[in-house]
Amino acid sequence: MRLRFAPSPTGYLHVGGARTALFNWLLARRSGGSFILRIEDTDLSRSTEEAIEAIIRDMRWLGLDWDEGPEVGGEHWPYRQTGRVNLYRRAAEELLREGSAYRCFCLPEELAERRERAVKEGRSPMYDRRCRSISPEESLAMAREGKPFALRFAVPEGETVVRDLVRGEIRFRNEEIEDFVLLRNDGSPTYNLAVVVDDLDMRITHVVRGDDHLPNTPKQILLYRALGEEEPAFAHLPMIVGRDGKPLSKRHGDVAVGSFQERGFLPDAMVNFLALLGWSLDDSTTIMDRDTLVAGFSLERVSSKPAVWDDEKLLWMNSQYVMAMDAEELAHALMPFLARAGLAEGDDTEALEKMRRIAPLIRERIKVLADAVPLVAFFFREPEAEEEARELLVGEENRAVLRETGKRLLELEGFDAAALESALRAMAEEMGVKPRKAFQPVRVALTGSKVSPPLFESMEILGRETCLRRIARSLEEGGMEKG
RNA sequence: GGCGCAUUAGUCUAGUUGGCCUAGGACGCCGCCCUCUCAAGGCGGAGAUCGCGGGUUCGAAUCCCGCAUGCGCUACCA
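It should be emphasised that the depicted structure is a prediction, and the values quoted were computed from it without experimental measurement. Throughout this description, residue numbers start from 1 for each chain and increase along the sequence as written. The naming scheme follows written order: chains are lettered A onward, ligands numbered 1 onward. Residues qualify for local features only when their pLDDT is at least 70, as the model is predicted, and side-chain atom pairs are given and counted only at 80 or more; totals for whole chains, interfaces and linings, by contrast, use all residues. As a convention, hydrogens and water are excluded, and side-chain values are obtained from all of the structure's heavy atoms.

Student: Quick question: what am I supposed to make of the overall build of chain A here?
Tutor: Starting at the N terminus, helices and strands are each numbered in turn, a helix being any DSSP run of H or I of at least four residues and a strand any DSSP run of E of at least two. Each helix and strand counted, chain A has 19 helices and 11 strands in total. For 483 residues, the compact-globule estimate of 2.2 N^0.38 gives 23 Å, and the C-alpha radius of gyration of chain A, at 32 Å, exceeds that figure by more than 25%. For chain A, the residues scored as buried account for 51% of the 483 residues in total. A separation threshold of at least 6 residues defines the contact pool for chain A, and within that pool the share at least 24 residues apart is 74%. Methods summary: accessible areas were calculated by the Shrake-Rupley approach with a probe of 1.4 Å, and residue burial reflects only the protein chains presented. Here chain A displays about 23,300 Å² of accessible surface, and carbon together with sulfur accounts for 49% of that area. Neither His nor the chain termini are counted; the positive set is Lys and Arg, and the negative set is Asp and Glu. Charged side chains are reduced to one point each, which is NZ for Lys, CZ for Arg, CG for Asp and CD for Glu. Both charge centroids of chain A, one from 68 positive and one from 84 negative side chains, sit 3 Å from each other. Here the radius of gyration uses the C-alpha set of atoms, whereas the globule reference equals 2.2 Å times the residue count to the power 0.38. A simple rule labels every residue: compare its accessible area, found with a 1.4 Å probe on the protein chains alone, to the largest value its type can have, and call it buried under 20%, exposed over 50%, or partly exposed in between. Should any heavy atoms of two residues lie within 4.5 Å, those residues are counted as being in contact.

Student: I keep staring at the protein's contact with RNA strand B and nothing clicks. Help me out?
Tutor: Near, as used in this document, describes a residue that has one of its heavy atoms within 4 Å of the molecule or strand being considered. The full set close to RNA strand B counts 70 residues, and Arg184, Lys305, Glu364, Arg365 and Arg425 are the nearest of them. Backbone sugar and phosphate groups make up 73% of those atoms of RNA strand B lying within 4 Å of the protein. Between RNA strand B and Asn216, the relevant distance is 2.6 Å, taken from a base nitrogen to a side-chain nitrogen or oxygen of the residue. Pairs of N or O atoms are called polar contacts if they sit within 3.5 Å, as long as, within protein, a hydrogen donor faces a hydrogen acceptor (for residues adjacent in sequence, only side-chain-to-side-chain pairs). One of the backbone N or O atoms of Pro454 is found 3.4 Å from a base oxygen in RNA strand B. Among the elements of the structure, α4 (108–120), β4 (150–153), β6 (168–173), β11 (307–308), α11 (311–323), α17 (435–447) and α18 (455–462) are those that each provide at least two residues to the surface near RNA strand B. It is α11 that provides the largest number of residues to the surface near RNA strand B, a total of five residues. In this classification, Asp, Glu, Lys and Arg are treated as charged, Ala, Val, Leu, Ile, Met, Phe, Trp, Tyr, Cys and Pro as nonpolar, and every other residue, Gly included, as polar. Within the surface near RNA strand B, the residues separate by chemical class into 26 nonpolar, 15 polar and 29 charged.

Student: Can you walk me through α4 in this structure?
Tutor: One turn of the α-helix equals 3.6 residues, which is why residues spaced by three or four share an orientation. To estimate how far a helix should reach, multiply one less than its number of residues by 1.5 Å. Taking 1.5 Å per residue as the helical rise, α4 with its 13 residues ought to reach 18 Å, and the 18 Å between its terminal C-alpha atoms agrees with that figure. Of the positions making up α4, those classed as buried are Leu111, Arg114 and Ala118. Buried residues of α4, viewed axially, fall in a sector of 70 degrees; they line one side. Facing away from the buried side of α4 by over 90 degrees, the exposed positions are Glu109, Glu113, Glu116, Val119 and Lys120. Buried residues along α4 sit in contact with β4. The directions considered for the arc are those from the helix axis to the C-beta atoms.

Student: Mind showing me how you'd approach the pattern of salt bridges here?
Tutor: Pairing between side chains becomes possible if they bear opposite charge and their charged atoms approach one another. Criterion for a salt bridge: a side-chain nitrogen of Lys or Arg within 4 Å of a carboxyl oxygen of Asp or Glu. Under the definition given, this model contains 44 salt bridges. Arg365 is paired through a salt bridge with Glu364; the nearest N and O atoms lie 3.8 Å apart. Judged by relative accessible area, which is 47%, Glu364 ranks as partly exposed. By sharing partners, the salt bridges in this structure join Arg4, Arg38, Glu40, Arg84, Asp198, Asp199 and Asp201 into a single network.

Student: Explain the packing of helix α9 (residues 267–275) against α11 to me, please; I cannot follow it from the model alone.
Tutor: Packed helices, taken two at a time, are described by the angle their axes make and the gap between the axes. Between N-to-C directions, angles cover 0 to 180 degrees, with each direction set by a line fitted to C-alpha atoms, over the stretch in contact for helices. Following both chains from N to C, one finds α9 and α11 inclined at 135 degrees, their axes separated by 9 Å at the closest point. The angle between α9 and α11 places the two elements in the oblique class. Here α9 and α11 pass one another in a crossing that is right-handed. For the pair formed by α9 and α11, the contact residues are Asp268, Ala269, Met270, Asn272 and Phe273 on the first element and Lys313, Leu314, Met317, Asn318 and Tyr321 on the second. By definition in this entry, angles of less than 35 degrees are roughly parallel, angles greater than 145 are roughly antiparallel, angles of 65 to 115 are roughly perpendicular, and the rest are oblique. For any helix crossing, the convention is left-handed if the near helix is rotated counterclockwise from the far helix by under a right angle, and right-handed if that rotation is clockwise.

Student: What exactly am I supposed to notice about the pairing of strand β9 (residues 233–237) here?
Tutor: In the case of a regular strand, side chains alternate between the two sheet surfaces. By the criterion of burial, β9 is predominantly enclosed, with four of the five residues buried. Pairing of strand β8 (residues 206–210) with β9, which is carried by five bridges, proceeds in the parallel orientation. Bridge pairing in β9 places Val207 opposite Phe234. Two strands form a pair only when DSSP identifies at least two bridges running between them.

Student: Is there a simple way to think about the pairing of strand β5 (residues 159–164) in this case?
Tutor: As paired elements, β5 and β6 share six bridges and run antiparallel to each other. Within β6, the residue paired with Arg163 across the bridge is Glu169. If you look at the hairpin formed by β5 and β6, you'll find three residues sitting between the two strands.

Student: Got a minute to help me understand the sheet that holds β4 in this structure?
Tutor: Sheets are built from strands paired through backbone hydrogen bonds, the pairs being either parallel or antiparallel. Pairing is antiparallel across the open sheet formed by three strands, whose spatial order is β3-β4-β7. Either end of the sheet is taken by a strand with one partner, and the two such strands are β3 (101–104) and β7 (181–183). Between one strand axis and the next, the sheet turns through 45 degrees on average, direction left out of account. Sheet topology places β3 next to β4; four bridges connect them, and they run antiparallel.

Student: Which parts of the structure should I look at to understand unusual backbone geometry?
Tutor: Among all residues save glycine, negative phi is the norm, and among peptide bonds the norm is trans. The linkage connecting Trp77 with the following residue, Pro78, adopts the cis geometry, with an omega of 10 degrees. Residue Arg203 is not a glycine yet carries a positive backbone phi of 55 degrees. Of note, Arg203 is situated in the loop between α6 (191–201) and β8. Among the residues examined, Arg203 registers a relative accessible area of 52% and is labelled exposed.

Student: Even after reading the chapter, I still don't get the confidence of the model for chain A, so can you show me in this structure?
Tutor: The predicted coordinates should not be examined in detail at positions where pLDDT is low. Averaged over every residue, the pLDDT of chain A is 92; residues scoring 70 or more account for 99%. Each residue carries a pLDDT value, the predictor's own confidence for that position, ranging from 0 to 100. Element-level pLDDT for chain A is lowest in β11, with a mean of 86, against a maximum mean of 98 in α18. Both confidence scores are given for the complex: pTM 0.93, ipTM 0.92.

Student: Just to check I follow, could you spell out the packing of aromatic side chains for this structure?
Tutor: Given two aromatic rings, their pairing is described by the distance between the two centres and the angle made by the two planes. Note on aromatic contacts: the rings of Phe and Tyr and the six-membered ring of Trp form a pair at centre separations within 6.5 Å, being stacked when their planes are under 30 degrees apart, edge-to-face when over 60 apart, and tilted otherwise. If you walk through the whole model with that rule in mind, you get 10 aromatic pairs. Residues Trp279 and Phe297 carry aromatic rings whose centres are separated by 5.2 Å and whose planes lie at 35 degrees to one another, so their mutual orientation is tilted. Taken together, the positions of Trp279 in the loop between α9 and α10 (290–296) and Phe297 in the loop between α10 and β11 put the pair 18 residues apart, joining distant regions of the chain. A relative accessible area of 1% places Phe297 in the buried class. By the ring-pair criterion, three or more aromatic residues cluster together here, those being Phe260, Phe265, Phe273 and Trp309. Positioned over the ring face of Tyr127 is Arg152, at 3.7 Å from the centre of the ring. The rule for a charge over a ring is simple: NZ of Lys or CZ of Arg within 6 Å of the ring centre, and within 35 degrees of the ring normal.

So this is what it looks like as structure tokens:
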């Protein structure tokens, strides 16, 4: 099997595109075939180099590697349509010669006007094929005169059947299909011509794409036939929509793959989640690693109804992958986030060492990597007690607990979590204070918050000196607040 | 308007050839347990007249027809 993902570089890679790319990739990997990345940049005015770079970067981040395409090469270089115009032109000439295409001298403005009028009068806005009746001689003469023209496909009579691997057979009556444009009046190819020529040239065997392309498919099939070729197999994936049932867009929040990376989603979690948008392995499996995905994926199990993007579930899934990371991995993954928050330098080995110890404490407390920042900040800089936590630093009982804690920490032999816990539990009991009442003031003094990673383990990492200093400082400030 | 696609709980879905579905799993939600906070984890629970209406059949979420709703396409965008 040879499959491809052919994004148009008019913006960042969004999750819908990523899902399409993933399904193609999965099929290629599963079949031992090839996965090709091709840039569909026929629309010069909207395509940008930055978008191409972003798409490549995001694809790599997701771990969707391609066998042919930008950066890796291949015999169909450059894998972007702007570099392959001769191919399209040659195909167009062939179609013109064979009578499958004709020159259309209608001006775009005229066309727009006629279309508008047709809609207003309740007629079909389809092109009326008026230039189709211009004789070849006259057509050629007009072209020689320098009259601008577009090349249109002459849709034959009959019916075109799309055999879709997801939806089965779909029939289209050809009279419903417009004589679509193949070459614009500037000679550039349109999408329909370019995809067909590229897919043919690259020997694509399966075209897997979003179902917004379904109505285009009969046009393309007609083109394949006119070129004397067999069409590849088609599979149209359901759209991804938001909770309101509308196609996923920026209105629904972040849809760019890059923004998920920034929030600290893991590539494996994204891939797992994306795979489940319109596909399922069986009736119960949710968490699947790449190998399982590759081994189990099939188009037969792709659903045909739109998939709703569920942020909550993505978050949960990501947390599952975070929990599965070991301390080493997590610590490394977290460093860029610490750096961005100004808590450490990106290459700070001391901070990395500390993060290795912190990682197990926060692993099941974060859903995305960015969640770690507020949770671990107190390990890296002096905390400022949160407004709603200050109450735990004032009052006689709280202050007594803090004073006594300081005393016990000073006397303690070692400074590991187990020793700390037994010492402070003993203290609470002797003071007649419930453990939770005794530990909360300490937590606030050390972390600045009522919510933190486990106290004793955190204390061990902070070290005796830091703990004592923070307790003393809290006592001071609490005293001032009281007075 | 025309053409096409879709329609199982708030959400992702299972349900491939009709009976094993008094509709299964997961997210979320609620409760209990665990507990130094928050999580995580364990246990339990609520939640779907399978869009609506007909039909075929001994029997339909599963097949057929109609309707409704949503979405896509209808560009010299992709």
